[in-house]
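For reference, the chains in residue letters:
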Amino acid sequence: MKQFLLAVSLLAGIGASQVSVADDALKAAIAGQQRTPANAVRDSARHPYETLTFFGIKPGMTVVELAPGGGWYTEILAPYLRDNGKMIAALGDPAVSKGAASFKQKLDATPAVYGKVQMGVFAPPAKLEYAAKGSVDMVLTFRNIHNWIGNGEPAMKALFQSAYDSLKPGGVFGVVEHRLPASKTQDEKASTGYVHESYVIKLAESVGFKLAAKSEVNANAKDTSDHENGVWALPPTFANKEKDKAKYEAIGESDRMTLKFVKP
């Protein structure tokens, strides 16, 4: 662990261009010993280096991760931002939420990596208090939007508005989400876990964001999005257990949109 942190610190001092240093530091974070082996195995499906590079992340930024779950991306973002930037993990109150309590335990267990991570209150639709207005360079959310849609359109707009308000002018809102083909119907709760790309774009633009770019880095043409038990039939969840498991293994993880929005 000490060797990893030293490597990141040394990279920050190399007299190369900022882009080169950022790329090397990101690679170091992704390759670091702090990562859970089961998480690192999924890099070929989740493409963390390509995804974060597409969003334009730099080590001196203040970055919010909305609903970090078990901390898959936190394991990369926290050491990457530790020395020169700031990471804010936006999630529920650990005193109330078991998931948030588990996440806090993960942070507390390894202060050398996670000791500088700040926690902000994010429990939609009621609480969106994770960062001061105009204080953040980047807000990221990975495969979460389907979890929030059931709160209703006004709540979704308020959530996206909170991301917009927290960002500085020129700040980036990066979204990765399971993608439902435009030809298929999305129910009002996104119960399959898949979401229309057009829905996300329209919602982001309704609060003032501009769509800067799309990436197909997380696309998967094998995913037909019509599985029994939705996206959770696919790896790594395998909701149907042994039923058609070989088929789902062959498909791999979901087809995902990767969208970069900018606050003008």
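Structure: see above.
Keep in mind that what you see is a predicted model, and the values were worked out from it rather than measured.

Asker: Before we go on, may I ask you to explain the packing of aromatic side chains in this structure?
Answerer: Any pair of aromatic rings gets described here by the distance separating the centres and the angle formed by the planes. In the structure shown here, the tally under the stated rule is 10 aromatic pairs. Aromatic pair Tyr73 and Phe142: ring centres 3.7 Å apart, planes at 5°, arrangement stacked. Here Tyr73, found in the loop between strand E1 (62-66) and helix H6 (74-81), pairs with Phe142, found in strand E5 (residues 136-142); they are 69 residues apart in sequence, far enough to count as distant. The pair Tyr73 / Phe142 is uniform in exposure class, with both members buried. Put simply, the rings of Phe160, Tyr164, Phe173, Phe209 and Phe261 pair up and form one aromatic cluster.

Asker: What's the story with helix H11 (residues 197-206) in this structure? I'm lost.
Answerer: Residues separated by three or four positions in an α-helix point in the same direction, a consequence of the helix having 3.6 residues per turn. Turning to H11, its buried residues are Glu197, Tyr199, Val200, Ile201, Leu203 and Ala204. Buried positions along H11 lie against helix H9 (145-148), helix H10 (153-166), strand E6 (167-180), strand E7 (195-196), strand E8 (210-215) and strand E9 (256-262). Phi turns positive one or two residues past the end of H11, at Gly208, with a value near 120°.

Asker: What's the story with the environment of Ser215 in this structure? I'm lost.
Answerer: Secondary-structure assignment places Ser215 in strand E8. Residue Ser215 is classed as buried on the basis of its relative accessible area of 13%. Note: C-alpha distance between Ser215 and Lys260 (45 residues apart in sequence) is 8.3 Å. Within the local environment of Ser215, its side chain forms a polar contact with the backbone nitrogen of Val217, the two atoms lying 3.1 Å apart.

Asker: In this structure, what is going on with the pattern of salt bridges? I would like to understand it.
Answerer: Note on pairing: side chains with opposite charge can pair once their charged atoms come close. By the definition in use, this model includes 13 salt bridges. For the salt bridge of Lys106 with Glu75, the shortest nitrogen-to-oxygen distance reads 2.6 Å. Taken together, the residues Lys106 in helix H7 (residues 98-109) and Glu75 in helix H6 connect sequence positions 31 residues apart. Relative accessible area serves as the criterion here: at 22%, Lys106 is assigned to the partly exposed category. Assessed through its relative accessible area of 0%, Glu75 is described here as buried. The salt bridge partner of Glu228 is Lys243, with a shortest N-O separation of 2.9 Å.

Asker: Sorry, what's going on with the nonpolar core here?
Answerer: One recurring pattern in soluble globular proteins: nonpolar side chains tend to sit buried together. Counting residues in each nonpolar core, the largest one holds 31 residues, and the members touching the most others are Leu66, Phe160, Phe173, Val200, Phe209 and Phe261. Put simply, the parts of the chain that give this core at least two residues each are E1, strand E2 (86-91), E5, H9, H10, E6, H11 and E9. Counting residues in each nonpolar core, the second largest holds 30 residues, with Met61, Val63, Leu91 and Val117 among its members.

Asker: Even after reading the chapter, I still don't get the environment of Val63, so can you show me in this structure?
Answerer: By the secondary structure assignment, Val63 is in strand E1. Judged by relative accessible area, Val63 falls into the buried class, the value being 0%. The sequence separation of Val63 and Leu234 amounts to 171 residues, and the corresponding C-alpha distance is 30 Å. Excluding its chain neighbours within four sequence positions, the residues that come into contact with Val63 are Ile57, Leu81, Lys86, Met87, Ile88, Met138 and Leu140.

Asker: I'm lost on the side chain of Thr258 in this one. Help?
Answerer: Turning to its location among the elements, Thr258 is positioned in strand E9. A distance of 2.9 Å separates a polar atom in the side chain of Thr258 from a polar atom in the side chain of Asn218. Thr258 has contacts with Thr51, Phe54, Phe55, Val175, Val176, Ala213, Lys214, Ser215, Val217 and Asn218, leaving out every residue within four places of it along the chain.

About the cut-offs
- In this numbering scheme, every chain counts its residues from 1 along its sequence in written order.
- Local features in this predicted model are restricted to residues of pLDDT 70 or higher, and side-chain atom pairs are both shown and tallied only at a pLDDT of 80 or more, whereas totals for entire chains, interfaces and linings draw on every residue.
- Water and hydrogen atoms play no part in the side-chain values, which are based on all heavy atoms of the structure.
- Side-chain rings of Phe, Tyr and Trp (the six-membered ring for Trp) are treated as a pair once their centres are within 6.5 Å; stacked means planes under 30 degrees apart, edge-to-face means over 60, and tilted covers the remaining angles.
- Only DSSP runs of H or I with at least four residues qualify as helices, and only runs of E with at least two residues qualify as strands; both kinds are numbered from the N terminus onward.
- Relative accessibility thresholds used throughout: buried, under 20% of the residue-type maximum; exposed, over 50%; partly exposed, between the two (1.4 Å probe, protein chains only).
- Contacts are assigned to residue pairs with any non-hydrogen atoms lying within 4.5 Å of each other.
- Pairs of N or O atoms are called polar contacts if they sit within 3.5 Å, as long as, within protein, a hydrogen donor faces a hydrogen acceptor (for residues adjacent in sequence, only side-chain-to-side-chain pairs).
- For salt bridges, the criterion is a side-chain nitrogen of Lys or Arg within 4 Å of an Asp or Glu carboxyl oxygen.
- The term nonpolar core refers to a set of buried residues drawn from Ala, Val, Leu, Ile, Met, Phe, Trp, Tyr and Cys, joined through side-chain atoms within 4.5 Å.

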